[in-house]
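The residues making up each chain are set out below.
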Amino acid sequence: MDHARDAHRTDLMTITRFVLNEQSKHPDSRGDFTILLNHIVLGCKFVCSAVNKAGLAKLIGLAGDTNVQGEEQKKLDVLSNEVFIKALVSSSRTCILVSEEDEEATFVEPSRRGKYCVVFDPLDGSSNIDCGVSIGTIFGIYMVKDEGKPKIDDVLQPGKNMVAAGYCMYGSSCMFVLSTGTGVNGFTLDPSLGEFILTHPNIKIPNKGKIYSVNEGNAKNWDNPTTKYVENCKFPNDGSPAKSLRYVGSMVADVHRTLLYGGIFLYPADKKSPNGKLRVLYEVFPMSFLMEQAGGQAFTGKQRALDLVPKKIHERSPIFLGSYDDVEEIKALYAAGEQK
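What counts and how
- Residues numbered from 1 in each chain as written.
- Predicted model: local features only at pLDDT ≥ 70, side-chain atom pairs only at ≥ 80, totals over all residues.
- Heavy atoms only, no water.
- UniProt positions renumbered as here; feature names shortened; annotations may be inferred.
- Helix = DSSP H or I, 4+ residues; strand = E, 2+ residues; numbered from the N terminus.
- Rg over C-alpha atoms; globule rule 2.2 N^0.38 Å.
- Buried < 20%, exposed > 50% of the residue type's maximum accessible area, 1.4 Å probe, protein only.
- Contact = heavy atoms within 4.5 Å.
- Areas by Shrake-Rupley, 256 points an atom, 1.4 Å probe, with all protein chains shown as cover.
- Pairing = 2+ DSSP bridges.
- Arc of directions from axis to C-beta.
- Phe/Tyr/Trp six-rings, centres within 6.5 Å; stacked < 30°, edge-to-face > 60°.
- Axes fitted to C-alpha atoms, helices over the stretch in contact; angles between N-to-C directions.
- Parallel < 35°, antiparallel > 145°, perpendicular 65-115°, else oblique.
- Left-handed = near helix turned anticlockwise from the far one by under 90°.
- Nonpolar A, V, L, I, M, F, W, Y, C, P; charged D, E, K, R; others polar.
- Salt bridge = Lys/Arg side-chain N within 4 Å of Asp/Glu carboxyl O.

An unreviewed UniProt entry annotates the protein as Fructose-1,6-bisphosphatase, cytosolic of Sesamum alatum. In UniProt, the protein has this text filed under Cofactor (unreviewed entry): "Mg(2+)". We quote the UniProt Catalytic activity (unreviewed entry) comment for the protein here in full: "beta-D-fructose 1,6-bisphosphate + H2O = beta-D-fructose 6-phosphate + phosphate".

And the structure:
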């Protein structure tokens, strides 16, 4: 037994230690945010465990219901939603919860209310569960305006007002990526300790990438700027090498790769989905928040993604996010299209 190595393992930067260190930088902090985050992390560990044994536990397959987006709910979707609702309510630090799986927002009972609103997709990419592809949980956190009188408007705020955002990816390893507005950090779950360990401190996306990520099956329905951009990726006019296409179809996996390797992730509006496909509150905003914090950009085709003001909790939007220079290119194409 290597005692020296085991002793070293106790000196790891766990997510709990990291958040407590951040909390100590704010002397007036009461620890509410730390408690909330601990409950989110616990929910992620639970879902990670369920995902890992989904086939054994017969959790794979349909639960026989459809959610508000008209998608058939998987058993794991339903379980994950319940896990996060219970974890967030029991923290006594939340007042409004918006989940992709629930048509209406959940207002926490007054005796258990706190000052935070949490928007989340409990299991993104769940159509990939059956084939073992990476899936994940996405979340964003807002501060309520009046703790005593929470209103739906408290979650219908632009993404730039979020106090934190992140995702947990359940793949070959379980990884928790978080930003509290001062950069992006990645933590990997050590199964032997049951702890998330800081493995990717201060993530910065490269200014330009070699990868583009889009569902090319929708190409016939795209608008001109998107069509032209993808054409440029494949057949560059400036003599540079062509970009590689990588598309998993699970937003967490595609955005995670984009964040680490650079490049661009696109889910544009098209004739089939004129308002885009991805949901603003719990997909577009958290991922855009993380991209900007890592030095990238996020654009809707009309404006900076985080400036968008949603009118409905399940509103959708087109999104182009990733490396700064790559997003600049698509912005230039949209600007040129408007001038015509």
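Chemist: I'd like to hear about the overall build of the protein, residue by residue, with values.
Modeler: A count of helices and strands for the protein gives eight helices and 17 strands. Its C-alpha atoms give the protein a radius of gyration of 20 Å, near enough to 20 Å, the size a compact globule of 340 residues would have. By principal-axis analysis of the C-alpha atoms, the protein measures approximately 60 × 55 × 45 Å. Every one of the 340 residues in the protein was classed for burial, and the buried ones make up 53%. Relative to all contacts within the protein whose residues are 6 or more apart in sequence, the contacts with residues 24 or more apart total 64%. When the accessible area of the protein is evaluated, it comes to approximately 15,600 Å², of which 51% is carbon and sulfur surface.

Chemist: Tell me about the sheet that holds strand β12 (residues 244–245), and please be specific about residues and values.
Modeler: One open sheet holds the five strands; their spatial order is β12-β11-β13-β17-β15, and the pairing between them is mixed. Strands at the two margins of the open sheet, each flanked by one partner only, are β12 and β15 (297–299). Across two bridges, the pairing between strand β11 (residues 211–213) and β12 is parallel. The partner of Y212 across the bridge, within β12, is L245.

Chemist: Which residues make up helix α2 (residues 15–24), and what values do they have?
Modeler: Among all positions in α2, only I15, F18, V19 and E22 are buried. Down the axis, α2 shows its buried residues gathered within 95° of arc, on one side only. Next to the buried residues of α2 lie α3 (32–52), β8 (174–179), β9 (185–190) and β10 (195–200).

Chemist: I'd love a proper account of the packing of aromatic side chains, names of residues and values included.
Modeler: All chains considered together, the criterion is met by eight aromatic pairs. Aromatic pair F176 and F196: ring centres 5.6 Å apart, planes at 50°, arrangement tilted. Residue F176 is located in strand β8, and its partner F196 is located in strand β10; the two are separated by 20 residues in the primary sequence. Here the two residues F176 and F196 agree in accessibility, since each one is buried. Members of the aromatic cluster, each reached through a chain of ring pairs, are F139, F176 and F196.

Chemist: Give a description of the sheet that holds β8 that names residues and reports values.
Modeler: In any sheet, the strands associate via hydrogen bonds between backbone groups, in a parallel or an antiparallel arrangement. Spatial ordering of the open sheet is given by β4-β3-β5-β6-β7-β8-β9-β10, a layout of eight strands whose pairing is mixed. In this open sheet, the two strands that pair with only one neighbour each are β4 (106–107) and β10. Note: strand β3 (residues 94–99) against strand β5 (residues 113–124), six bridges, orientation parallel. The partner of V98 across the bridge, within β5, is V119. Contacting β5, β6 (135–143), β7 (164–170), β8 and β10, helix α6 (residues 251–261) runs over the sheet at an angle of about 110° to β7. Sheet contacts for helix α7 (residues 280–293): β3, β5, β6, β7 and β8; angle to β6, the most-contacted strand, approximately 85°.

Chemist: For the packing of α2 against α3, give the residues involved together with the corresponding values.
Modeler: At a minimum axis separation of 10 Å, α2 and α3 run at an interaxial angle of 160°. Viewed along their axes, α2 and α3 adopt a mutual orientation that is roughly antiparallel. Classified by chirality, the crossing of α3 by α2 is right-handed. Side by side, α2 and α3 meet where I15, T16, V19, L20 and Q23 of the first sit next to T34, L37, N38 and V41 of the second. Residue classes in the contact of α2 with α3 are distributed as five nonpolar, four polar and no charged.

Chemist: Can you lay out the UniProt feature "domain: Fructose-1-6-bisphosphatase class 1 C-terminal" (unreviewed entry) in the protein for me, pointing to particular residues and giving the numbers?
Modeler: Within this numbering scheme, the UniProt entry marks residues 205–334 as carrying the feature "domain: Fructose-1-6-bisphosphatase class 1 C-terminal" (unreviewed entry). Annotated as residues 205–334, this span is 36% helix and 15% strand, and its ends, taken at the C-alpha atoms, are 23 Å apart.

Chemist: Outline the side chain of T34, listing residues and values.
Modeler: Position of T34 relative to the elements: it lies in helix α3. Look past the residues within four positions of T34 in its chain and what remains in contact with it is V19, L20 and Q23.

Chemist: Kindly report on the pattern of salt bridges, identifying the contributing residues and their values.
Modeler: Throughout the structure, instances matching the rule amount to 15 salt bridges. Note that E216 and K234 form a salt bridge whose closest N and O atoms lie 3.1 Å from each other. Placement of the pair is E216 in the loop between β11 and α5 (224–234) and K234 in helix α5, with a sequence separation of 18 residues. Of the residues examined, E216 reaches a relative accessible area of 25% and is grouped as partly exposed. In this structure, the salt-bridge partner of R304 is E292, at a minimum N-O distance of 2.8 Å. Here R304, found in the loop between β15 and β16 (316–317), pairs with E292, found in helix α7; they are twelve residues apart in sequence, far enough to count as distant. Judged by relative accessible area, R304 falls into the partly exposed class, the value being 34%. Accessibility expressed as a relative area gives 26% for E292, which makes it partly exposed.

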